Amino acid sequence: MKTLPYNYIILLIALTIFGKSFGLNQFTTANKTHKVPEEKVYVHLSSTSLFSGERLYFKVYCLNKETNSPGNDSKIAYVTIVGDNNNILSKQKIKLIKGEGFSDFLIPTSIPSGQYKLIAYTALTFNQETDRFFIADLGILNPYMPLDEKLTTVVQEDSIPRKPPSEYIQNKDAFFQMELLKTHYSLREDVNVKLINNDFKWNGVYSVSVRKKDDIIHIKKPDIHHNHVDPINTNALNSKIKMQPELDGEVLSGKITPKTEGLSVDYQSIVLSIPEESTVLKISNTNKEGHFTFNIDEDYISNKVFLQILGPDRDKFSIQIDKQEEIDFSFLNFEKLKVNKGKKEKIIERSIKTQIEDSYSSLRQDTPVVIHNPDKDIYGAVFTTYNLDDYTRFPTLQETMTEIVKHSWFEKNQSKDSEYRLKVKGYVELFHYEAPLVMVDGLFIQDHHILYDLNAFQIKKIKLFRDKYFYQGDFFQGIIVIETFDKNFYEENEDIEILSFNHFRPEYRKEYFKQNYNLENISYDRLPDYRSQLLWEPKLKIQSSEYKFNFYTSDNEGIYEIVIEGFSDDGQAVSVTKPFVVKEKPTID
């Protein structure tokens, strides 16, 4: 039999005695007041003028307010698109990594044409007295709905301000230089771009957008060198609203209350689990008032979250989730959207191309990027794995644990004659009264009796860890991880008495689609291509004196712009623009 050193056994005893205090100290430390530098937010938008059915891409830069360099304090940013009368069109939670995050938003066909505003902030900036929000105007035209004269106005072409040509002149002494081989390109042609970063002065991570210039709606784009706080006094907001800073990840908090008088809410362990391939498992301890807080820094896709109180008294309490009070953006001013009277034919043409692109969108999909951690990284344990197809199968989990899985079994609960609990035999005869940590398809299970008659033919594998396991302030006698073939245990057992709710989760990151017409054995001759957004790359990392990238034009003729924006490692704001023309028979440069 494997034995443990004497000093390790003493450590287990000490941790058992002081485990709860240790968890509380972590909680208390996380809620102390720390001096954190003030922040500000800037957002690079792929466009400020869009049609319904088109997609807006954006990248959030969270900056140290003093140095202007990317910050690493806030881990979550909020991006809201709001219309007149405080009408919320979209609200997204963006995960920040080293002060940067990105996402996108499909403009729906159900909203009227008009001016909207994109607002971005973090919990830290929201609590500040100044630079609370980044605010940018968006013009949205819905060609499928009549114009509302309260939101739009039809004007002559000459009354719409134009960019002066000087704005396209690149200052060779500022930022890095952007070079193209020519200024005119044909349809579906490869465009190669070279960036020259003299003396490595502009090292940093930037975002690049290549998009057709809008000649129908003209909304001024944000200037990266200027503040974008709305001129209206944002202190008009309800000053009572405060947000908990999200310095260690996304914050989820709540409170427990006893169902009968006399029960203490202090030192209660709350377990959070998010069932998916990359399991999210957290344990937090309540304070004297019953409040608890989770900091979630893992990547995940599911919006279904499960919470439960750990221990035999879990049914004696109820759990309430804190809800952030909605921000009232009625202080914002909205101008009418100016629609060009002479652009009717172009509006029809663009809407048709947008519909065609939408019908083929399944062939140009972005790819979700989620980091899937193996179990040993989540639990810090090395498992014995039982792939049940390698054994003679038994009908139920109870029989499978008895006949196949060694050192683990179901034991009848003496206090409840009709219920069973799982047990794991450790390497030493110590603390066997403790329950194992049991996870089924990423869901933490305390009521083991619901697994007793589980159809074992649905189970792919069972993993067992026998050692005493200390996880975020609580002890377990081993770990049992059960994985079904369909990985949907919680969906198939919705009657389980565990608090679950749909959580407002961060948007998952994506690798954005990039068209390539140089692939072998693939023909695009019959596939229409009316992309107006030729490239969106939010992770353009420049760390050398020369950087190259490429993209392909589409069948959509017109004037395009390459726009690169961001902040250098030392806090310099960078914005570089280069125009070019796409035409079926381009002019030779």
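Residues numbered from 1 in each chain as written. Predicted model: local features only at pLDDT ≥ 70, side-chain atom pairs only at ≥ 80, totals over all residues. Heavy atoms only, no water.

Draft legend 1. How the structure looks around the overall build of the chain. Helix and strand content of the chain: 6 helices and 35 strands. Scored against the burial criterion, the 589 residues of the chain give a buried share of 49%. Nonlocal contacts in the chain, meaning residues at least 24 apart in sequence, comprise 76% of its contacts between residues at least 6 apart. With the model as given, the accessible surface of the chain reaches about 29800 Å², and the carbon-plus-sulfur share is 48%. (Helix = DSSP H or I, 4+ residues; strand = E, 2+ residues; numbered from the N terminus. Buried < 20%, exposed > 50% of the residue type's maximum accessible area, 1.4 Å probe, protein only. Contact = heavy atoms within 4.5 Å. Areas by Shrake-Rupley, 256 points an atom, 1.4 Å probe, with all protein chains shown as cover.)

Draft legend 2. Structural view of the side chain of S74. Its place among the elements puts S74 in the loop between β3 (55-64) and β4 (76-83). Within the structure, S74 has its side chain in polar contact with the side chain of E39 (distance 2.8 Å). Leave out the neighbours within four places in its chain, and S74 touches E39, C62, L96, T122, L124, E246 and L247. (Polar contact = N/O pair within 3.5 Å; in protein donor to acceptor, adjacent residues only side chain to side chain.)

Draft legend 3. Seen up close, helix α3 (residues 344-359). Taking 1.5 Å per residue as the helical rise, α3 with its 16 residues ought to reach 22 Å, and the 23 Å between its terminal C-alpha atoms agrees with that figure. Its buried side turned inward, α3 meets β2 (49-51), β8 (134-141), β13 (204-212) and β20 (337-340). (Expected span 1.5 Å × (residues − 1).)

Draft legend 4. Here's a closer look at empty space enclosed by the protein. The final tally for this structure, using the stated rule, is 3 cavities of 30 Å³ or more. As for the largest cavity, its lining consists of K95, E298, D299, Y300, V369, V370, P506, E507, Y508 and R509. When the residues that make up the lining of the largest cavity are grouped by side-chain class, the tally is 5 nonpolar, no polar and 5 charged. (1 Å grid on protein atoms, 1.4 Å probe; cavity = no way out; pocket = protein on both sides within 12 Å on 5 of 7 lines; lining within 4 Å. Points joined across faces, edges and corners; volume = space filled by probe spheres on them. Nonpolar A, V, L, I, M, F, W, Y, C, P; charged D, E, K, R; others polar.)

Draft legend 5. Main features of the sheet that holds strand β29 (residues 499-502). Sheet architecture is open: 4 strands sit in the order β16-β15-β18-β29, paired in antiparallel fashion. A strand with exactly one partner marks an edge of an open sheet, and here the two such strands are β16 (280-285) and β29. Sheet twist, expressed as the mean angle between neighbouring strand axes with direction ignored, is 20 degrees. Here 6 bridges tie strand β15 (residues 269-274) to β16, and the two strands are oriented antiparallel to one another. Bridge assignment links S273 to a residue of β16, and that residue is L281. (Pairing = 2+ DSSP bridges. Axes fitted to C-alpha atoms, helices over the stretch in contact; angles between N-to-C directions.)

Draft legend 6. Summary view of the sheet that holds strand β17 (residues 291-296). In space, the 3 strands of this open sheet follow the order β17-β14-β19, with antiparallel pairing throughout. Two strands in the sheet have a free side with no partner beyond their single neighbour: β17 and β19 (317-321). Pairs of neighbouring strands in the sheet enclose a mean axial angle of 30 degrees, with direction left out of account. One ladder, built from 5 bridges, connects strand β14 (residues 250-258) with β19; its direction is antiparallel. Paired with G254 across the strands is I321, a residue of β19.

Draft legend 7. Looking closely at the environment of I496. Positionally, I496 belongs in the loop between α6 (489-492) and β29. Judged by relative accessible area, which is 19%, I496 ranks as buried. Separated by 51 residues in sequence, I496 and I445 place their C-alpha atoms 9.5 Å apart. Not counting the four nearest positions on each side in its chain, I496 is found in contact with I450 and F489.

Draft legend 8. The nonpolar core, seen in detail. Core analysis: the largest hydrophobic core is formed by 30 residues, its most contacted members being V43 and L118. Within the residue set of this core, elements represented by two or more residues are β1 (39-45), β3, β4, β5 (87-95), β7 (114-122) and β8. For this core, the element with the most residues is β3, which contributes 6 residues. In contact with L118, other than residues within four places in its own chain, are V43, L45, L56, V79, T80, I81, F134, I135, A136 and L138. In this structure, V440, I445, L464 and Y490 belong to the second largest nonpolar core, which totals 27 residues. (Core = buried A, V, L, I, M, F, W, Y, C linked by side-chain atoms within 4.5 Å.)

Draft legend 9. Seen up close, the pattern of salt bridges. Taken as a whole and assessed by the stated rule, the structure comprises 32 salt bridges. Between D104 and R55 there is a salt bridge, with the nearest N and O atoms lying 2.6 Å from each other. One end of the pair, D104, is in strand β6 (residues 100-106); the other, R55, is in strand β3, with 49 residues separating them in the sequence. What makes D104 buried here is its relative accessible area of 5%. (Salt bridge = Lys/Arg side-chain N within 4 Å of Asp/Glu carboxyl O.)

Draft legend 10. Seen up close, the packing of aromatic side chains. What the rule picks out here adds up to 31 aromatic pairs. A centroid spacing of 6.3 Å and a plane angle of 45 degrees characterise the contact between F329 and F331, whose relative ring orientation is tilted. Note on F329: relative accessible area 3%, which makes it buried. The exposure class of F331 is buried, given its relative accessible area of 11%. (Phe/Tyr/Trp six-rings, centres within 6.5 Å; stacked < 30°, edge-to-face > 60°.)

Draft legend 11. Molecular detail of the environment of D366. One can find D366 in the loop between α3 and β21 (367-369). With 146 residues separating them in the primary sequence, D366 and Y512 have C-alpha atoms 4.7 Å apart. Apart from the residues within four sequence positions on either side, D366 is in contact with K510, E511, Y512 and F513.

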